[in-house]
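What follows is each chain in one-letter form.
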Amino acid sequence: MTRPIRLEIDLPSIRHNFKTTRSRSQARHLFAVVKADAYGHGVLDTAKALADLADGFALLNIEDAVRLREAGITQPIALLEGPFDAAEAEAMAAYRIAGAIHSQQQIAWLAKGSAKQPVETWLKLNSGMNRLGFRPEEAPEALARLQSLPQAKTTTIMTHFATADDDYGVAEQWSRFAPVAAASGLAVSAANSAALFRHPQTHGDVGRPGIVLYGASPFEDSVGADIGLKPAMALSADIIAVQRLQPGDAVGYGRRFVADQPMRIGIVACGYADGYPRIAGNGAPVAVDGQASGLVGRVSMDMLAVDLSHLPQAGVGSRVELWGPNAPIERVAAASGTISYELMCAVAPRVPRIAHG
Ligand SMILES: *Cc1c(COP(=O)(O)O)cnc(C)c1O
């Protein structure tokens, strides 16, 4: 008998979410962001599921990009941070993989390459996030330098928003980016998921949705279902033991939870070594055989406990959804002081992953 835990990925939900995003957005093209193994959903499965829908794919490392090419993905692929050394710039040319260019160093790597096949480049502007990119006033010179290289063909100008999901909004960054973008004559790519759902003025030529494809809301005040999305990931594990508590009995390490009335609790075969956040608070939502309940006590390495007091039918063998369609990942994240993105990416390799087509 194998340990009763599994990560299920519903590929039709990813397709649904892509179509919903398309219908909400005015961007001419949508590149599906599949970095971090498609936010834990499996980069190959996800790309294949979207192969007839997405206009392109965006990710981080060239190894994944090459895997997509070798799996028969023919759409454009863009590396969001561009090459990390000169050899990668050459490999991008060989595999027809585009990439962001955010530094003079990267331009120098391109210049060292053979010019047999130019690399498609996206000029990356730093419009206020201050991670990567040329400042707006540096952009014309960087673009001129790129355009003088036979090794590069610059098609697109891009930037990334720090606050598209919150009340600060995108106006400040957009006002820095938009004039430079317009003057460049290049295709424009700025919108992440939050901007695609909330800031239509930024949609431009290439939208870059990530989190919404996986069915989670980028906004603090909603969950995926509220904005027409279907959660594509379900982490579930079974109850392997039941305990009855009397008032004053505690659960787990540190006695973080102490019963103040008689209780029944279920011990679930999932812990922080599986990627469930140890920091999740009492009451973090779960669904036991589809019924809402909550976490009790501190999460252990391999187990956690849930309240069964109001669920007399539940017992050993009951399936507990830790997050998924019946236990929104956004709420589990909020109960853990983080965001859905981090939970999706953190599911451990020891959890078997099953993709439903
Ligand atoms: C991750 C990423 C995205 C997608 O962000 P979401 O919030 O998941 O939509 C878009 N653009 C860039 C540059 C990124 O790094």
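Structural data are supplied above this passage.
Residues numbered from 1 in each chain as written. Predicted model: local features only at pLDDT ≥ 70, side-chain atom pairs only at ≥ 80, totals over all residues. Heavy atoms only, no water.

Enquirer: Please clarify how the site of the ligand should be interpreted in this entry.
Expert: Taken together, Val33, Lys35, Tyr39, Leu80, His160, Asn192, Ser193, Arg208, Pro209, Gly210, Ile211 and Tyr341 make up the full set of residues adjacent to the ligand. Interatomic distance of 2.6 Å between a side-chain N/O atom of lysine 35 and an oxygen atom of the ligand. The contact in question runs from a nitrogen atom of the ligand to an N or O atom on the side chain of arginine 208, over 2.9 Å. When the ligand sits alone it has 390 Å² of accessible area, and the protein chains cover 91% of it. Class assignment of the residues belonging to the shell around the ligand gives a composition of 6 nonpolar, 4 polar and 2 charged. (Near = heavy atom within 4 Å. Polar contact = N/O pair within 3.5 Å; in protein donor to acceptor, adjacent residues only side chain to side chain. Areas by Shrake-Rupley, 256 points an atom, 1.4 Å probe, with all protein chains shown as cover. Nonpolar A, V, L, I, M, F, W, Y, C, P; charged D, E, K, R; others polar.)

Enquirer: Please explain the packing of aromatic side chains as it appears in this structure.
Expert: Geometry of an aromatic ring pair is reported as the spacing of the ring centres plus the angle between the planes. In this structure the tally under the stated criterion is 6 aromatic pairs. When the ring of phenylalanine 31 is compared with that of tryptophan 122, the centres are 5.4 Å apart and the planes differ by 55°; the resulting orientation is tilted. One end of the pair, phenylalanine 31, is in strand E2 (residues 29-33); the other, tryptophan 122, is in strand E6 (residues 119-124), with 91 residues separating them in the sequence. By relative accessible area, phenylalanine 31 is classed as buried at 7%. Overall, tryptophan 122 belongs to the buried group, its relative accessible area being 4%. Aromatic side chains tyrosine 39 and tyrosine 341 sit 5.9 Å apart centroid to centroid with 35° between the ring planes, which places their arrangement in the tilted category. Note that tyrosine 39 is positioned in helix H2 (residues 35-39) and tyrosine 341 in helix H11 (residues 340-345), a separation of 302 residues in sequence. The class for tyrosine 39 is buried, based on a relative accessible area of 6%. Taken together through their ring pairs, the aromatic side chains of Tyr39, Tyr214 and Tyr341 make up a single cluster. (Phe/Tyr/Trp six-rings, centres within 6.5 Å; stacked < 30°, edge-to-face > 60°. Helix = DSSP H or I, 4+ residues; strand = E, 2+ residues; numbered from the N terminus. Buried < 20%, exposed > 50% of the residue type's maximum accessible area, 1.4 Å probe, protein only.)

Enquirer: What is the right way to read the packing of helix H6 (residues 104-112) against helix H7 (residues 139-147) from this model?
Expert: Packed helices, taken two at a time, are described by the angle between their axes plus the distance between the axes. Viewed as axis vectors pointing N to C, H6 and H7 meet at an angle of 10°, and their least axial separation amounts to 10 Å. Between H6 and H7, the angle falls in the class roughly parallel. The residues of H7 that touch H6, namely those facing Gln104, Ile107, Ala108 and Leu110, are Glu141, Ala142, Arg145 and Leu146. When its residues are assigned to classes, the contact of H6 with H7 shows 5 nonpolar, 1 polar and 2 charged. (Axes fitted to C-alpha atoms, helices over the stretch in contact; angles between N-to-C directions. Parallel < 35°, antiparallel > 145°, perpendicular 65-115°, else oblique. Contact = heavy atoms within 4.5 Å.)

Enquirer: What am I meant to see in the pattern of salt bridges here?
Expert: Should their charged atoms come close, side chains of opposite charge can pair. Scanning the model with the defined rule gives 13 salt bridges in all. Residues aspartate 55 and arginine 22 are paired through a salt bridge, measuring 2.8 Å at the closest nitrogen-oxygen approach. Taken together, the residues span a long stretch of sequence, with aspartate 55 in the loop between helix H3 (43-49) and strand E3 (56-59) and arginine 22 in helix H1 (residues 11-24) at a distance of 33 residues. With a relative accessible area of 23%, aspartate 55 lands in the partly exposed category. Residue arginine 135 pairs with glutamate 137 through a salt bridge whose shortest N-O separation is 2.6 Å. (Salt bridge = Lys/Arg side-chain N within 4 Å of Asp/Glu carboxyl O.)

Enquirer: Which parts of the structure should I look at to understand the sheet that holds strand E5 (residues 98-101)?
Expert: In a beta sheet, neighbouring strands pair by backbone hydrogen bonds and run either parallel or antiparallel. Spatially, 8 strands are ordered E8-E7-E6-E5-E4-E3-E2-E9 in an open sheet, and the strand pairing comes out parallel. Taken across any chain shown, the strands that pair with only one partner, and hence form the sheet edges, are strand E8 (187-189) and strand E9 (206-207). Relative to strand E7 (residues 152-158), helix H8 (residues 171-184) is tilted by about 145°, and along the sheet it contacts E7 and E8. (Pairing = 2+ DSSP bridges.)

Enquirer: Please clarify how the side chain of histidine 203 should be interpreted in this entry.
Expert: Residue position: histidine 203 is located in the loop between helix H9 (193-198) and E9. A distance of 3.0 Å separates a polar side-chain atom of histidine 203 from the backbone oxygen of alanine 195. The residues contacting histidine 203, other than those within four sequence positions of it, are Arg24, Ser25, Gln26, Ala27, Val188, Ala191, Ala195 and Leu196.

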